[in-house]
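The residues making up each chain are set out below.
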Amino acid sequence: MDYPLPELSAFRLDVIRFVEANLPADIAEKVRLNIEPEKSDLYRWEQILNGHGWFCGHWPVHAGGAGWSPLKRYVFEQAMAEAGAPPLQPFGQAYVGPVIIEYGTDAQKQRFLPKIIDSTEFWCQGYSEPSAGSDLAGLKLRAERKGDHYVLNGQKLWTSYAHWADMIFLLVRTSQEDRPQKGVSFILADMHTPGITIRPIITLDMKHHVNEVFFDNVEVPVENLVGDEGDGWKIAKFLLATERLIVAETGKARRLLSQVRTVAENTLEAGKPLFEQSAFRRAFTEAEVQLQTLEAFCARQLKGVAQGKVLGFEASLMKIRGSELLQSITELGSRVAARKGLALSPEPLPEGSNGEQAEPTEASALLSEYLFQRAATIYGGSNEIQHNIVSKARFGF
Amino acid sequence: MDITDETSSDAALLREHALRWVEQAYDDLHELSGRAHPQGFDPDIAREVAAQGFLGVMVPEAKGGTGGGLAEMAGIMEAVGRGIVAEPVLSVGGIAAPLLARLETPEADAFLAQLVAGESTAVLAHYESARGFDRSVTTGARQDGADVRLSGEKANTLDLAGADTLLVTGLDANGRLGLYRIDPAAEGVTLKIYRTVDGRTTASLTLADASAERLSGSDDIAALVDETLDAAAFLVCAEALGAMRYLVDVTADYLKTRKQFGQTLDRFQVLQHRIVSMLLATEETAGVVEAVIDAKQPRRARAIALCKTVTARSARYVAQQSVQLHGGIGVTDELKISRYFKRLMMCESLFGDEDYYTARYEALRPPA
Ligand SMILES: Cc1cc2nc3c(=O)[nH]c(=O)nc-3n(C[C@H](O)[C@H](O)[C@H](O)COP(=O)(O)OP(=O)(O)OC[C@H]3O[C@@H](n4cnc5c(N)ncnc54)[C@H](O)[C@@H]3O)c2cc1C
């Protein structure tokens, strides 16, 4: 498949070769079979990247990064995913890191940034609450100032990887104001603080990605406030803008599409590979067209950014198509898995049964990914909300 | 449809009975209990289901059933979908029992009664790993003195892991398709078991000269098997209809109660339109399901191909949008929506997906 950014194609190939040479085989196998990596697997891989100067490459040099442009970062992340590396968890390096670099005090920078770069502290993101989903301004978690602490009471919901996290960055309500966006603050809390309780939520792929997190009189030192009280909404918008540069996972789409091809070539329909069947091939080709279109679209947007353009509603367009694409590619994968009875996972053999232990397969890996990707049009601003954003920002509706 | 027609009113009564039973007796604990069992359903609950008479609906009265047909069974399957019943109603009541009844051999009749009563289960293993949704087989039956031995590879089959008896199709030396009974514990029989996406189980079957008993007579039963698989595909559509109707109802209720931006979600026009599209897909499915019941042979096979094409598409759409409209809560295992989503994935592709039935619909086009 052609790549739309010739000037960065050498770098892209470097990244792919690096992954091939350095990604530990056990981690590569987990990615291939869509088995949830352990936290220690991610740390291991991040430390390998860091040893090569490639972890947090998009951070400015003064903060310990390599000062990559958004375009170079995009190429790096997509090439990594394409080559089968596990996705970098964004919460530290992509989300809170840049916030601390932009708004943090020197003490906060010294305290938090090194432990993100060397992968010794894991972060999670505490924005959503039961009443604050699409409408984030509906958040209620209270932070009351008491001496040199804030005391937190309330609940976060859908907190990804809270069960791995050492730290959480939170949007909290520090005062009641006329507009709900006011009175929101951005604060960092240690997940090991007394009063924090985590309850796992199992998603439809039967995995544990997300949690409910309860705060019961949790004391957070005031020096963990980022910016001033009431700056939360502004900081959240800044974070959103950086997050936007990585919303379209075209590299992962490439890997999954090639996996679809592999399983379709190895699955027979009426004695011939399914990949040769015209209806299937047509759908596959259509997905490839969508992928290349999105790559071209993203490349064009990011080239604009390199020339000083600020991404606005275009990022929402990228998010809409990016999520739809991962859904349609994995849906194609599920069509292959359907020929294997939609087997999701091997069942441990019952005692004394006349059976043979079944193995996990790439078809079930794609099936499980299809299930999880249903969330892609919901999290990070649902696709309906993205449409609302664009119609407002672009047309003033 | 003629409402004075006796069979159709019987069908309506049965459907109501089954829906009421699901509503009143088949709770979440029933639905989820299969997860703890290696066969994907709880055998005690399977007997409870059998006691409702669901398994003998398509078996003639003379053979211990209630002598209904596709219309009657479709009502039962709609209820199965409404409650996402995990027990093998389709595998036994919609496939194995009627197939055995139609063989008209003493060997087949001999254990039909046990199946109908839910005392034992038998599951048809027909599709083959190398054939996908294609219905032709290569499994071979070899005469060994008085015995018959089967060799071949059967594809992952729903409920096979929990079957007391495997009903296996194979070709004899003359290329005639026959039906054979195999004991899952017999030598040369290997089952590989997987959890299906919706928490039931599927198993592939490898036969290496496995000892078998012939159940069909000396005639080729290819046409009968073809009709059986068409019926199965159709019954899965009725099941999907039940699940889709549930999702439309529950999603509409959710939009009326969930608040964001200071209003309930049902105030947002894009969501109003979306649920109408879900309803439309569901009602179209109801239409094509009924059209199959109305269609007489030889037009029925093509009506079924149309029905499965439309149902597969609609099931996917309704399932996906139900999750989408629920937001985060829709992707949790805890909320039933996700479990309906997964059941509808099964319905979409069991016995052939949209591609397969579109091609079949085309192939069955009558000459101009
Ligand atoms: C897998 C997963 C991981 C997540 N990880 C995190 C995390 O780490 N941290 C975190 O803070 N949050 C996280 N989230 C939460 C996520 O951001 C929210 O789920 C999302 O914002 C949607 O909110 P909701 O689930 O409450 O849905 P709702 O807001 O209730 O939306 C329900 C439906 O209504 C639609 N809708 C709502 N408002 C409108 C409108 N105005 N116009 C049209 N349609 C509308 C939505 O599009 C959706 O279809 C995660 C969610 C998921 C599913």
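Sequence order sets the numbering: in each chain, residues are counted from 1 along the sequence as written. Both sets of labels track the order of writing: A upward for chains, 1 upward for ligands. In keeping with the predicted nature of the model, local features appear solely for residues at pLDDT of at least 70, side-chain atom pairs appear and are counted solely at 80 or more, and the whole-chain, interface and lining totals rest on all residues. Water and hydrogen atoms play no part in the side-chain values, which are based on all heavy atoms of the structure.

Chain B goes by Acyl-CoA dehydrogenase family protein in an unreviewed UniProt entry, where it is assigned to Tianweitania sediminis. In its Sequence similarities (unreviewed entry) section, the UniProt record describing chain B reads: "Belongs to the acyl-CoA dehydrogenase family." UniProt positions are given in the numbering used here, feature names are shortened, and annotations may be inferred rather than shown by experiment. Under the Cofactor (unreviewed entry) heading, UniProt states for chain B: "FAD".

Under an unreviewed UniProt entry, the name given to chain A is Acyl-CoA dehydrogenase family protein, and the organism recorded is Tianweitania sediminis. In its Cofactor (unreviewed entry) section, the UniProt record describing chain A reads: "FAD". Recorded under Sequence similarities (unreviewed entry), the UniProt text for chain A is reproduced unchanged: "Belongs to the acyl-CoA dehydrogenase family."

Peer 1: Would you mind showing me how to read the pairing of strand β1 (residues 123-126) of chain A here?
Peer 2: If a strand is regular, its side chains alternate between the two faces of the sheet. All names here are of chain A. Partly exposed residues are those whose accessible area sits between 20% and 50% of the maximum for their type, while under 20% is buried and over 50% is exposed, using a 1.4 Å probe and protein chains only. Put simply, DSSP marks the helices as runs of H or I at least four residues long and the strands as runs of E at least two long, and each gets a number from the N terminus on. The side-chain alternation of β1 yields two buried faces, one formed by W123 and Q125 and the other by C124 and G126. Bridge count for β1 against strand β4 (residues 167-173) is four bridges, and the pairing is parallel. Residue pairing for β4: W123 is matched across the bridge by M167. Note on pairing: two strands pair once DSSP finds at least 2 bridges between them.

Peer 1: I tried to follow the side chain of A:T267 on my own but got confused; where do I start?
Peer 2: Residue and element names in this part refer to chain A. Tracing the backbone through its elements, the reader meets T267 in the loop between α8 (250-265) and β9 (268-269). Polar contacts involving the side chain of T267 include one to the main-chain carbonyl oxygen of V263, which spans 2.6 Å. Here the side chain of T267 touches K340 through a polar contact of 3.2 Å, side chain to side chain. Here, residues are in contact when the closest pair of their heavy atoms is within 4.5 Å. Apart from residues lying up to four places away in sequence, T267 is in contact with K272, P273, L274, V336, R339 and K340. Polar contacts here mean pairs of N or O atoms no more than 3.5 Å apart (in protein, one a potential hydrogen donor and the other a potential acceptor; neighbouring residues in sequence count only if both atoms are side-chain atoms).

Peer 1: How should the pairing of strand β5 (residues 184-190) of chain A be read in this particular structure?
Peer 2: Residues and elements named next belong to chain A. In terms of burial, β5 is largely enclosed, as six of its seven residues are buried. One ladder, built from seven bridges, connects β4 with β5; its direction is antiparallel. Looking across to β5, one finds that L170 is bridged to I187.

Peer 1: Just to check I follow, could you spell out the UniProt feature "domain: Acyl-CoA dehydrogenase/oxidase C-terminal" (unreviewed entry) in chain B for this structure?
Peer 2: The UniProt feature table records "domain: Acyl-CoA dehydrogenase/oxidase C-terminal" (unreviewed entry) at residues 225-354 of chain B. Secondary structure across residues 225-354 of chain B divides into 78% helix and 3% strand, with the first and last C-alpha atoms of the span separated by 21 Å.

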